[in-house]
Amino acid sequence: MKTKHYLSALASLFLLLALQTGCTSSGGNKAGNAGTDATANTGIQDQPNNTKGVTETSGTPENTRKVRPEDVVVPEGLKIEAVSQGLTYPVDVTFDDEGSVYIAEAGGHTYGTKPEKAPSARIMRLTEDGKWEVVYDKVVPVDVIKNVSFPTKGKLPEGLIPPVTGVTHHEGKLYVSHRSRYSSYDLQTGEFKTIVDGLPSWGEFLNAKPIFKDGKMYFFLSTQGNTGVPEKHWTSVMDIFNKPQAREIPGEDVVLTGLNYWVPTKGMKSVNKDSVLTGVYVSLGTVTEYGQVIEGQEVCNGAFYSVNPDGTDLKRIAWGFRSSFGYRFSPDGRLITTMNSANPMPPRGLYFDYEQVYEVKEGEWYGWPDFYSGIPITDERFEYKDEVRKFALTEETHRKLLNGKERPVQPIALLPVHSAAEGMVFGREGFGVAESDILVAEFGAIIPFFKGEKYHPNFPKEVPTAEENAPPGVSYNWPGFKVQRVELVTGNAYDYIYNESRVPASATQNAGGLERPIQLEWSRNGELYIVDFGIVEFNSSGMSAHPFTGVLWKVSKK
């Protein structure tokens, strides 16, 4: 492990994973600071029983990943080690009161698919001899889900609906976030019980990790798509689960401007057309017109909620966000969240949106689907695609939702464009991070031309090839793939844990550092755990996530 001062500029990191489970460690002595193959089968496979027992997490020869902690730069006085290797799509880690380690494996990526050889969704416990014991892995069969109509609340059997997105220990139970649901697992009785059900989460973005404060559970329900209208990835999810009527739900009544887009539907079993004209906030194939009102609902997309741990007294806090995978309460009680950038997916895609950090303020609308990073979609920053940028909601609706303000609540920090800011934790003084600052896991870019000129020399015709001609905050050289420290007072971000190569390990021969950091958590003993999702290849033809390449890292004092 190499170490270096943590006030360095932004950089990237990525990691190759080995086959066996084990613990590789390096102390160092220098100074310093979700998708699988589209052709895969569904990850929603029936499990006849909860198959409790010890599970080997070793990979297969074609999916080897090198793990070399010495290739990772960490702050002076700290060391990093690989606690476990060979995991498949790990997304979260948590600890019980005795310090036992639990991990959630997604069981498939966002689109609900996974390679046939990969394990299904599951929650596992790390045993004293370094092996994983399955705690819960019963999965709802996809054929059952296909035959259930909207609303789905109360209609599906108990079990996980992949992908799993988070797990949190609280008062003797594990609370699990998975598609359209939150469930609890009692570690004493083994009872698995869904406490929040029927959420509108049948798209490519999902509900996220539960957290707790003052007797309440808090969670985020993402938008289902990118910018309000279905895109190809979302229609693929609709088809897998037979949910063509899925749509975004607003939190208040909104009036549409009548924008409609041709949505690609070729290959969908439920739609016998190559494309259908569709508006914003409506189901696939529904055409909207100017002045059309879409009624708001308390349970809406792009919103934060509080609820009792038994699922009662559900209340919305704020809405108008896009997609978050990381949020925590600050020492002074504020809810702070990371937020993913919008993507360039047609038909309403856009380039160069920031990754953001927000304070969540009760009762506010944060601008989606017409504002991104607090910036209107009509801004010249986003005018790098052929489609014309127009508002989906009327200006009168904007004024109503903004309560007379000219613009939504602005981010308190802007992180590198398309770096995919995911999980976060507040700092610890012993790790050189003020308790008022945050550490952010950056999953890394999935847009091919952000690999840098060496790995992807061809740019889309509409974007500037030189960074100096691109909008502020744009770096084409592997943004993300690291952990950053963010000062919430100033909004400044600094590299904290990253690869010495400054690129993902899988992009460098014989390197073995970080790959796809997705979540962070402090252990009961004060160590920082990093959940590394594993190798995700991406190019112009799509993405492919490699099973058995996930790693659980631990950062501790020397």
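Residues numbered from 1 in each chain as written. Predicted model: local features only at pLDDT ≥ 70, side-chain atom pairs only at ≥ 80, totals over all residues. Heavy atoms only, no water.

Asks: What is the right way to look at the nonpolar core in this model?
Replies: Among soluble globular proteins, nonpolar side chains are generally buried collectively. By size, the foremost hydrophobic cluster in this structure holds 83 residues, and its most contacted members are Phe219, Tyr281, Phe321, Tyr327, Phe352 and Phe450. Not counting the four nearest positions on each side in its chain, Phe450 is found in contact with Phe352, Val417, His418, Ala445, Val474, Ser475, Tyr476, Asn477, Trp478 and Pro479. Listed in part, the 43 residues of the second largest apolar core include Val101, Tyr185, Val531 and Phe533. (Core = buried A, V, L, I, M, F, W, Y, C linked by side-chain atoms within 4.5 Å. Buried < 20%, exposed > 50% of the residue type's maximum accessible area, 1.4 Å probe, protein only. Contact = heavy atoms within 4.5 Å.)

Asks: I'm lost on the packing of aromatic side chains in this one. Help?
Replies: For any pair of aromatic rings, the description rests on two quantities: the centre-to-centre distance and the angle between the ring planes. For the structure on display, the rule yields 34 aromatic pairs. Note on Trp319 and Trp365: the rings are 6.2 Å apart at their centroids and 50° apart in plane angle, and the pair reads as tilted. Here Trp365 lies in the loop between β26 (355-360) and β27 (371-372) and Trp319 lies in strand β23 (residues 315-319), a separation of 46 residues in the sequence. An aromatic cluster is built from Tyr351, Phe352, Tyr384, Phe449, Phe450, Phe459 and Tyr476, whose rings are joined through pairwise contacts. Residue placement shows Lys213 over the ring face of Phe329; its charged tip is 5.3 Å from the ring centre. A cation over an aromatic ring shows up here: Arg322 above the ring of Phe205, its NZ or CZ 4.5 Å from the ring centre. (Phe/Tyr/Trp six-rings, centres within 6.5 Å; stacked < 30°, edge-to-face > 60°. Helix = DSSP H or I, 4+ residues; strand = E, 2+ residues; numbered from the N terminus. Lys NZ or Arg CZ within 6 Å of the ring centre and 35° of its normal.)

Asks: For this particular structure, what's the right way to read the pattern of salt bridges?
Replies: Applying the stated criterion across every chain, the model contains 25 salt bridges. Across the pair Glu298 and Arg316 runs a salt bridge whose closest N-O atoms are separated by 3.9 Å. Of this pair, Glu298 sits in the loop between β21 (293-294) and β22 (303-307) while Arg316 sits in strand β23, and the two are 18 residues apart along the sequence. Sharing partners across several salt bridges, the network here consists of Asp92, Lys209, Arg328 and Glu521. (Salt bridge = Lys/Arg side-chain N within 4 Å of Asp/Glu carboxyl O.)

Asks: It is not clear to me how the pairing of strand β14 (residues 181-186) should be interpreted in this structure. Could you clarify?
Replies: The side chains of a regular strand alternate between both faces of the sheet. β14 sits mainly inside the fold: six of its six residues count as buried. Neither face of β14 is left uncovered, since the one carrying Arg181, Ser183 and Tyr185 and the one carrying Tyr182, Ser184 and Asp186 both have all their residues buried. Sheet topology places strand β13 (residues 173-178) next to β14; six bridges connect them, and they run antiparallel. When the bridges of β14 are listed, Lys173 appears paired with Asp186. As consecutive antiparallel partners, β13 and β14 are separated by two residues, and within that stretch Ser180 has a phi angle of approximately 70°, a positive value. Relative to strand β15 (residues 192-196), β14 runs antiparallel, the two being bridged by four bridges. For Tyr182, the partnering residue across the bridge sits in β15 and is Val196. As consecutive antiparallel partners, β14 and β15 are separated by five residues, and within that stretch Gly190 has a phi angle of approximately 80°, a positive value. (Pairing = 2+ DSSP bridges.)

Asks: Looking at this model, I keep getting lost on the side chain of Ser177. Mind explaining?
Replies: Note on placement: Ser177 falls in strand β13. Ser177 sits in the buried class, given a relative accessible area of 0%. Looking at Ser177, its side chain comes within polar contact range of the side chain of Thr165, at 2.7 Å. Here Gly166 takes part through its backbone nitrogen, which lies 2.8 Å from a polar atom of the side chain of Ser177. (Polar contact = N/O pair within 3.5 Å; in protein donor to acceptor, adjacent residues only side chain to side chain.)

Asks: Mind showing me how you'd approach the side chain of Ser201 here?
Replies: Relative to the helices and strands, Ser201 is located in the loop between β15 and β16 (211-213). When its relative accessible area of 1% is taken as the criterion, Ser201 is described as buried. Of the polar contacts made by the side chain of Ser201, one reaches the side chain of Asn207; its length is 3.2 Å.

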